[in-house]
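Chain by chain, the residues:
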Amino acid sequence: MSELDSLYREVILDHYKNPRGHGLIDTPDAEAEGQNPLCGDEVSIAVAFEGDTIADVKFQGRGCAISQAATSMLMDMVKGRTAQEVATMSREELLDEVGIPLTPVRLKCALLGLGVLKLALHKGRGTPLPEEWAGVDELELR
Amino acid sequence: MAVTTEAKLDARRLRADFPIFEQPIHGKPLAYLDSANSSQKPRQVLDTVRDFYETSYANVHRAVYELGLRSDAAFDGAREKARVFVNAETTGEVIFTRNATEGLNLVAYAWGLDNLGPGDLVLVTELEHHSNFVPWQFIAERKGADFAAIPIDSGGELRLEALDELEARGRVRLVACGLVSNSLGTVNPVAELAAWAHERGAIMVVDAAQAAPHRPLNVQALGCDFLAFTGHKMCAPSGIGVLWGRRELLERMSPFELGGEMIRKVTVERTTWNDLPHKFEAGTPPIAQAVGLGAAIDYLTETGLEAIERHEAELTAYAWGRLSEVPGLTLYGPPPDRRAGIVSFNLEGIHPHDVAQIVDSEGVAVRAGHHCNQPLMTRLGINATTRASFYLYTLPEEIDRLVDGLHKARKLFG
Ligand SMILES: Cc1ncc(COP(=O)(O)O)c(C=O)c1O
């Protein structure tokens, strides 16, 4: 019970029910989508820049509470940062924010949004990608 | 007045045969509602496998010493049990595979590569598990044959009236259909489809992965040409399955895998094939797993497959009623009297993964996902469901605990 309470802690459910940065950007400078085919989580992210920094970032998606809440939290975290900063952002930084214990299966759910965002920045701004994603057009976490 | 005495199955007593239920999960008794995925194993099977390894193990069909003979006897004995289990004519028609998937791939490659070509049509259904869908799609494409899926209606049952239209697309050569759908529990009219296929000179392949554990099987009554099932869903170890095929077809087919055991004579110029079923069993087979399958067949036969089917029908009707009480819950597929012991559903606003995780905290194991049924999920306009499935050891109170867990999920997300 306590394990479950910590997994679905208030802040996760709040982000799931009232996602921040949910929606579209009319003329995005970068965008990408991705999915976690095993559970059917889907996320697409669009970014608008002002100079080098992220002025606006929005996501759309459907999937489990963990995938959608983590992406929502990510939107709050990356606004105002540069593409380069986000490209090198560690997964731990996001996981700290998510702040719940995750099994390997659920870890993929939590990291889907960050992966999609890095892919968007790579496509839009040429930032480096984690090696294992070289050449991917659409992220698929397996 | 005729009196029918239908033996009723005592799930509580049978449950004691399964050591897995002796340990608590998250401090609660295990409610294992994921037997469609894989079943738990009774002591009778575990003991047989252990005893085989401890007293009789050697490689099969090679050794002249005492252990080799014992191993052969146990392995061949398991094949005979499998023959009786599906009512096949000879053990030559009973091929041991790794699982249902390998059996279906065997037919797709060994029959499909030599028999399909442009102008031919291969038919599957929208209900198929990927393992009875993708091999046909792949081989059809490789041979330039057409490939199509028989559609379902909104209740998750096959629309056989669509066959006329499908047939216009080409010469029907093969129909592949599951006996029981792993997502919706739909029981398909396979005998009817087999007759339809035969009228057109096509062959009928049946995926019995979800039927073999739960109801009597009879390949003669089904009138099919190939039938595949998998041990791990029917109380046997993983790594063993069976493909039954009609002798005339198996004899005419080229081998699937090549190597040891499946040959008669090998020379640099040419190799000839062993007799059935060995022609299709290259390499050292899963020996102890086959022996375990034999023990599982004994266990199911002694329990009574009719009794298992009736027990699950009762549970399904009960689950249908209880789940229908949960607000915001959508059930997929046909009504309980026309399905096997599998129910798929969604709770409004809560992803199946979250549902499965929440009920897991109550010790209830259910599957969440697309269940290797992506074409079906697309057809239903969803990308996943939560699935509860029942077996001979399932108790009604486990369904109550699932329903309690669903109420908890609704409260948490409400
Ligand atoms: C209907 C159906 N067919 C085939 C399979 C494949 O079984 P296996 O993975 O043991 O080959 C399954 C199991 O998931 C199934 O449910």
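As the structure is a prediction and not an experimental result, all values here were calculated from the model.

**A few points about the sheet that holds strand β7 (residues 226-230) of chain B**
All names here are of chain B.
So, step 1. Pairing in this open sheet of seven strands is mixed, and the strands run β2-β8-β7-β6-β5-β3-β4 from one edge to the other. Both outer strands of the open sheet, β2 (94-97) and β4 (146-150), are each paired with one neighbouring strand and no more. Across the sheet, the axes of successive neighbouring strands diverge by a mean angle of 20 degrees, strand direction being ignored.
So, step 2. Contacts between helix α8 (residues 190-199) and the sheet are confined to β3 (120-125), β4, β5 (171-178) and β6 (203-207), with β5 contributing the most and set at about 170 degrees to the helix.

**A closer look at the sheet that holds strand β15 (residues 385-389) of chain B**
Residue and element names in this part refer to chain B.
So, step 1. Pairing is antiparallel in the open sheet, where four strands are placed in the order β11-β12-β15-β14. Edge strands, defined here as strands with exactly one partner in the open sheet, are β11 (329-332) and β14 (367-369). Averaged over neighbouring strand pairs, the angle between their axes works out to 30 degrees when direction is ignored.
So, step 2. Here four bridges tie β11 to strand β12 (residues 342-347), and the two strands are oriented antiparallel to one another. When the bridges of β12 are listed, L331 appears paired with F345.

**Things to note about the packing of helix α6 (residues 104-125) of chain A against helix α13 (residues 352-360) of chain B**
So, step 1. At a minimum axis distance of 13 Å, the contact between α6(A) and α13(B) shows a crossing angle of 145 degrees. Two packed elements cross with a definite hand, and for α6(A) against α13(B) that hand is left-handed. Listed contacts from α13(B) to A:V105, A:R106 and A:C109 of α6(A) are B:H353, B:D354 and B:Q357.

**Observations concerning the packing of aromatic side chains**
Given two aromatic rings, one states the distance between the centres and the angle between the planes to describe the pair.
So, step 1. Counted by the stated rule, this structure contains 15 aromatic pairs over all chains.
So, step 2. With centroids separated by 5.2 Å and ring planes inclined at 55 degrees, the aromatic side chains of B:F75 and B:F96 adopt a geometry described as tilted. Of this pair, B:F75 sits in helix α3 (residues 66-86) while B:F96 sits in strand β2, and the two are 21 residues apart along the sequence. For the pair shown, B:F75 and B:F96 are each scored as buried.
So, step 3. Consider the rings of B:F85 and B:F229, whose centres lie 5.7 Å apart with planes at 55 degrees: the pair is tilted. Of this pair, B:F85 sits in helix α3 while B:F229 sits in strand β7, placing them 144 residues apart in sequence. B:F229 carries the same exposure label as B:F85, and that label is buried.
So, step 4. In this structure an aromatic cluster arises from ring pairing among B:F18, B:F21, B:Y299, B:Y391 and B:Y393.
So, step 5. The ring of A:F49 carries the charged tip of A:R125 above its face, separated from the ring centre by 3.9 Å.

**Examining the environment of A:P104**
So, step 1. Position of A:P104 relative to the elements: it lies in helix α6.
So, step 2. On a C-alpha basis, the gap between A:P104 and A:L129 in space is 22 Å, while along the polypeptide they are 25 residues apart.

**Considering the domain arrangement of chain B**
Residue and element names in this part refer to chain B.
So, step 1. The domain boundaries assigned to chain B delineate domain 1 (11-37 + 305-412) and domain 2 (48-301).
So, step 2. Of the roughly 2700 Å² buried between domain 1 and domain 2 on both sides combined, carbon and sulfur atoms contribute 54%.
So, step 3. When the area that domain 1 buries against domain 2 is broken down by residue, the three leading residues are L305, R379 and Y391, summing to 23%.
So, step 4. There are three salt bridges connecting domain 1 and domain 2.
So, step 5. E126 is paired through a salt bridge with R379; the nearest N and O atoms lie 3.2 Å apart.
So, step 6. In this assembly, domain 1 and domain 2 are joined by 21 residue pairs in polar contact (both at pLDDT 80 or more).
So, step 7. Elements represented by at least two residues in the side of domain 1 that touches domain 2 include exactly α12 (305-324), β12 and α14 (374-380).

**Side note on the site of the ligand**
All names here are of chain B.
So, step 1. The environment of the ligand is formed by N99, A100, T101, H129, S131, N182, D207, A209, Q210, T230, H232 and K233.
So, step 2. In this structure, T101 approaches the ligand through a side-chain N or O atom, which is 2.5 Å from an oxygen atom.
So, step 3. One of the side-chain N or O atoms of Q210 is found 2.7 Å from an oxygen atom in the ligand.
So, step 4. Expressed as a share of its isolated accessible area of 400 Å², the protein-covered part of the ligand is 87%.
So, step 5. Per-class residue counts for the shell around the ligand are two nonpolar, eight polar and two charged.

Analysis parameters
One numbering rule holds for all chains: residues counted from 1, following each sequence as written. Chains and ligands are labelled sequentially in the order written, the chains with letters from A and the ligands with numbers from 1. Only residues with pLDDT of 70 or above have their local features reported here, since the model is predicted, and side-chain atom pairs are shown and tallied only from 80 upward, although totals for entire chains, interfaces and linings are computed over all residues. Excluded from the side-chain calculations are hydrogens and water; all other atoms, namely the structure's heavy atoms, are used. DSSP calls a pair of strands paired once it identifies at least 2 bridges connecting them. Only DSSP runs of H or I with at least four residues qualify as helices, and only runs of E with at least two residues qualify as strands; both kinds are numbered from the N terminus onward. Note on geometry: axes are lines fitted to C-alpha atoms, helical ones only across the stretch in contact, with angles between N-to-C directions running from 0 to 180 degrees. Contact criterion: two residues are considered in contact whenever any of their non-hydrogen atoms come within 4.5 Å of each other. Take the far helix as the reference: if the near one is turned anticlockwise from it by less than a right angle, the crossing is left-handed, and if turned clockwise, right-handed. For this analysis, a ring pair means two rings from Phe, Tyr or Trp (six-membered ring only for Trp) whose centres lie within 6.5 Å, classed as stacked if their planes differ by under 30 degrees, edge-to-face if by over 60, and tilted for the remaining angles. To sort residues, take the accessible area from a 1.4 Å probe on protein chains only and compare it with the maximum for the residue type: under 20% means buried, over 50% means exposed, and anything in between is partly exposed. Geometrically, a charge over a ring is one whose NZ (Lys) or CZ (Arg) sits within 6 Å of the ring centre while staying within 35 degrees of the ring normal. Source of the domain bounds: an automatic or database domain assignment. By convention, the term buried area covers the 1.4 Å-probe accessible surface removed from two parts as they join, with the contributions of both added. The working definition used for a salt bridge is a side-chain nitrogen of Lys or Arg within 4 Å of a carboxyl oxygen of Asp or Glu. Polar contact is defined as a pair of N or O atoms within 3.5 Å, subject to the rule that within protein one atom must be able to donate a hydrogen and the other to accept it, and that residues adjacent in sequence are counted only when both atoms are side-chain atoms. We call a residue near a molecule or strand whenever a single non-hydrogen atom of that residue lies within 4 Å of it. The Shrake-Rupley method, run with a 1.4 Å probe sphere, supplies the accessible areas, and residue values consider only the shown protein chains as cover. Throughout, the ten residues Ala, Val, Leu, Ile, Met, Phe, Trp, Tyr, Cys and Pro are labelled nonpolar, Asp, Glu, Lys and Arg are labelled charged, and all others, Gly among them, are labelled polar.

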